[in-house]
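What the coordinates show
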Amino acid sequence: GNNGGDGFVAARLLADRGRAVTVFLLGRADALRGDAATHWRPLASFPIARVEAPGDFPADRLAAVAPDLVIDAIFGTGLARPVDGAFRDAVLAANALPCPRLAVDLPTGVDSDHGRILGCAFQAHRTVTFGMAKIGHFVHPGAACCGDVTIADIGIPRALSATAPGARLLDDGDVAAAFPPRPADACKNRFGHLLVVGGLRGKTGAGLLAATAAMRAGAGLVTLATDAASGDLLEGRCPDLMIERPFRLGPQGLGLDPDLLDAALSGKTALVVGPGLSTQAGCDALLDRLLAVDLPAVLDADALNLLAMRPAARRVAGPRRILTPHPGEAARLLATTAAAVQADRVAALEGLVAATGAVVVLKGAGT
């Protein structure tokens with residue numbers, strides 16, 4: 001295919017620069033079509049060793065070459081089935097070579113749209129991709145096969161690239177844009193008041209982590225709503241943090257004082273619900289009450305576990321709710337396994353958005 005054609009071009013250019021080049025064709029030359037056929041023919045004019053392997057892959061011949069570099073140009077972005085047979089043998093043989101490995105566009109075996117591994121994958125130290133990066137370069141497990149990714153300009157018009165469908169890769173510049181410089185006379189009251197609900201006895205640290213992280217990220221004021229015992233334990237631990245105690249813990253689970261909870265919610269501009277909340281009796285009623293409040297909310301940890309226990313509650317009111325599951329929590333929400341989530345993180349993410357109607361942040365390498 002076209003990926004093979006790119007490999008033949010690389011072979012020709014390297015040979016023209018005096019490098020010793022061997023090309024392994026996983027098929028028959030007379031079966032080549034399109035760009036691959038166009039760029040195979042000129043190789044005969046260069047001192048290039050060409051090995052046609054329409055059947056079993058000759059791994060011993062590849063090892064005998066003892067290359068200083070191996071270039072993978074087998075399959076690119078169009079692969080939609082597992083790598084098997086001679087192709088699998090070629091990939092495994094190349095991975096065993098003690099030399100740098102370069103992939104053309106995308107390592108063979110990596111799904112370009114999902115980052116899945118299709119059977120097995122070429123383990124590249126560097127990938128040179130064309131025009132724009134692909135999702136598979138940055139979503140694991142496929143991303144771990146790409147090495148350093150270089151984007152090569154091949155003349156695609158910028159206007160076309162800018163309007164093409166696809167995903168947006170968030171980088172430092174995107175994040176920095178969400179945190180513009182603040183005026184010198186700015187007051188903390190101008191930057192929101194967050195209520196963190198959680199940090200109950202036994203998990204007070206989770207509530208404290210969420211609250212202090214919010215302050216570090218720029219929330220003007222932060223209050224932690226927890227139970228009385230935990231509130232007393234945390235009092236003064238973080239001088240910037242305010243504490244409310246609307247909850248009580250007892251043999252029957254979580255109880256709450258409605259007036260104290262209403263007071264804690266008064267004047268708030270956003271919520272974080274779940275870190276250190278637990279799933280004991282009474283917590284599901286609390287979550288329902290908080291979801292009924294018209295405030296943007298991050299749902300994490302036990303808030304997600306409570307949603308997973310009650311499928312009917314998963315439609316959590318659209319983009320003003322942000323769910324932040326790790327793979328295990330995502331698996332519980334989707335009634336699957338963490339391994340299945342990790343095997344196709346993009347599909348898991350799409351499933352979570354469809355099931356909840358919320359913004360979803362699937363945590364992990366390449367969040």
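Conventions adopted
Residues numbered from 1 in each chain as written. Predicted model: local features only at pLDDT ≥ 70, side-chain atom pairs only at ≥ 80, totals over all residues. Heavy atoms only, no water. Helix = DSSP H or I, 4+ residues; strand = E, 2+ residues; numbered from the N terminus. Rg over C-alpha atoms; globule rule 2.2 N^0.38 Å. Contact = heavy atoms within 4.5 Å. Areas by Shrake-Rupley, 256 points an atom, 1.4 Å probe, with all protein chains shown as cover. Patch = residues over 30% accessible without salt bridge, like charges linked within 9 Å, V, L, I, M, F, W, Y side chains within 5 Å. Salt bridge = Lys/Arg side-chain N within 4 Å of Asp/Glu carboxyl O. Buried < 20%, exposed > 50% of the residue type's maximum accessible area, 1.4 Å probe, protein only. Axes fitted to C-alpha atoms, helices over the stretch in contact; angles between N-to-C directions. Parallel < 35°, antiparallel > 145°, perpendicular 65-115°, else oblique. Left-handed = near helix turned anticlockwise from the far one by under 90°. Pairing = 2+ DSSP bridges. Disulfide = S-S within 2.5 Å. Core = buried A, V, L, I, M, F, W, Y, C linked by side-chain atoms within 4.5 Å.

Concerning the overall build of the protein
If you tally the helices and strands in the protein, you get 14 helices and 14 strands. Radius of gyration (C-alpha) of the protein: 27 Å, far over the 21 Å computed for a compact globule of 367 residues. The principal-axis extents of the C-alpha atoms in the protein amount to approximately 85 × 50 × 35 Å. Long-range contacts, defined as pairs at least 24 residues apart, comprise 64% of the intrachain contacts of the protein with a sequence gap of at least 6. Carbon and sulfur atoms form 56% of the exposed surface of the protein, whose accessible area is close to 18,700 Å².

Comments concerning a nonpolar patch on the surface
Taken together, the side chains of Ile 154, Ile 156 and Leu 160 present a nonpolar region at the surface, about 280 Å² in accessible area. Residue position: Ile 154 is located in the loop between strand E6 (148–152) and helix H5 (158–163).

Comments concerning the side chain of Lys 134
Among the structural elements, Lys 134 can be located in the loop between strand E5 (126–130) and E6. Overall, Lys 134 belongs to the buried group, its relative accessible area being 17%. Other than its neighbours up to four places away in sequence, Lys 134 contacts Thr 77, Asp 105, Leu 106, Ser 112 and Thr 129.

Side note on helix H12 (residues 327–334)
In terms of burial, H12 is largely enclosed, as six of its eight residues are buried. All of the buried residues in H12 are Pro 327, Gly 328, Glu 329, Ala 330, Ala 331 and Leu 333. Buried residues belonging to H12 abut helix H11 (302–309), strand E13 (321–323), helix H13 (338–343) and helix H14 (345–356). Residue Ala 335 follows H12 closely and has a positive phi angle near 55 degrees.

A short note on the packing of H11 against H12
Orientation of H11 relative to H12, taken along the N-to-C sense of each, is 20 degrees, at an axis distance of 8 Å. On the basis of the axis angle, H11 is roughly parallel to H12. Here the hand of the crossing between H11 and H12 comes out left-handed. Contacts from Leu 304, Asn 305, Leu 307 and Ala 308 of H11 reach H12 at Glu 329, Arg 332 and Leu 333.

A few points about the sheet that holds E5
Within the open sheet, the four strands sit side by side as E3-E4-E5-E6. Their pairing is parallel. The open sheet has two edge strands with one neighbour each: strand E3 (70–72) and E6. Ignoring strand direction, the axes of neighbouring strands in this sheet form an average angle of 20 degrees. In this structure, strand E4 (residues 101–104) lies alongside E5, joined through three bridges in parallel fashion. Note that in E5 the partner of Val 104 across the bridge is Val 128. Of the strands in this sheet, E3, E4 and E5 touch helix H1 (residues 2–16), which is tilted by about 155 degrees from E3.

Describing the state of the cysteines
A complete count under the given rule lists zero disulfides for this structure. Just so you know, Cys 238 is unpaired, no disulfide at all, and the nearest cysteine sulfur is the one on Cys 187, 18 Å from it.

Some words on the sheet that holds strand E14 (residues 359–360)
Strand order in the open sheet made by the eight strands is E10-E9-E8-E7-E11-E12-E13-E14, with mixed pairing throughout. Pairing within the sheet leaves two strands with one partner each, and these edge strands are strand E10 (253–256) and E14. Sheet topology places strand E12 (residues 297–299) next to E13; three bridges connect them, and they run parallel. Of the residues in E13, the one forming a bridge with Leu 299 is Leu 323.

Looking at the pattern of salt bridges
Counting across every chain of the model gives 14 salt bridges. Its salt-bridge partner being Arg 28, residue Asp 30 comes within 2.9 Å of it at the nearest N-O pair. Residue Asp 30 is classed as exposed on the basis of its relative accessible area of 56%. A salt bridge links Lys 203 to Asp 302; its shortest N-O distance comes to 3.4 Å. With Lys 203 in the loop between strand E7 (193–197) and helix H7 (204–217) and Asp 302 in helix H11, the pair connects residues that are 99 residues apart, well separated along the chain. For Asp 302, a relative accessible area of 9% gives the class buried. Residues joined by salt bridges that share partners form a network here, namely Asp 111, Arg 116 and Asp 344.

Some words on the pairing of E5
Only one face of E5 is covered, namely the one carrying Thr 127 and Thr 129; the face carrying Arg 126, Val 128 and Phe 130 has none of its residues buried. For E5 and E6, the ladder comprises five bridges, and the chain directions are parallel. Paired with Thr 129 across the strands is Ile 151, a residue of E6.

Thoughts on the nonpolar core
Grouped together as the largest cluster of nonpolar side chains are 37 residues, with contacts concentrated most on Leu 299, Leu 307 and Leu 323. Where this core is concerned, the elements lending two or more residues are E7, helix H9 (258–265), strand E11 (270–273), helix H10 (283–291), E12, H11, H12 and H14. Not counting the four nearest positions on each side in its chain, Leu 299 is found in contact with Val 273, Leu 287, Leu 291, Leu 304, Leu 307, Val 316, Ile 322, Leu 323 and Thr 324. By size, the runner-up hydrophobic cluster in this structure holds 22 residues, among which are Ala 53, Phe 75, Ala 94 and Leu 118.

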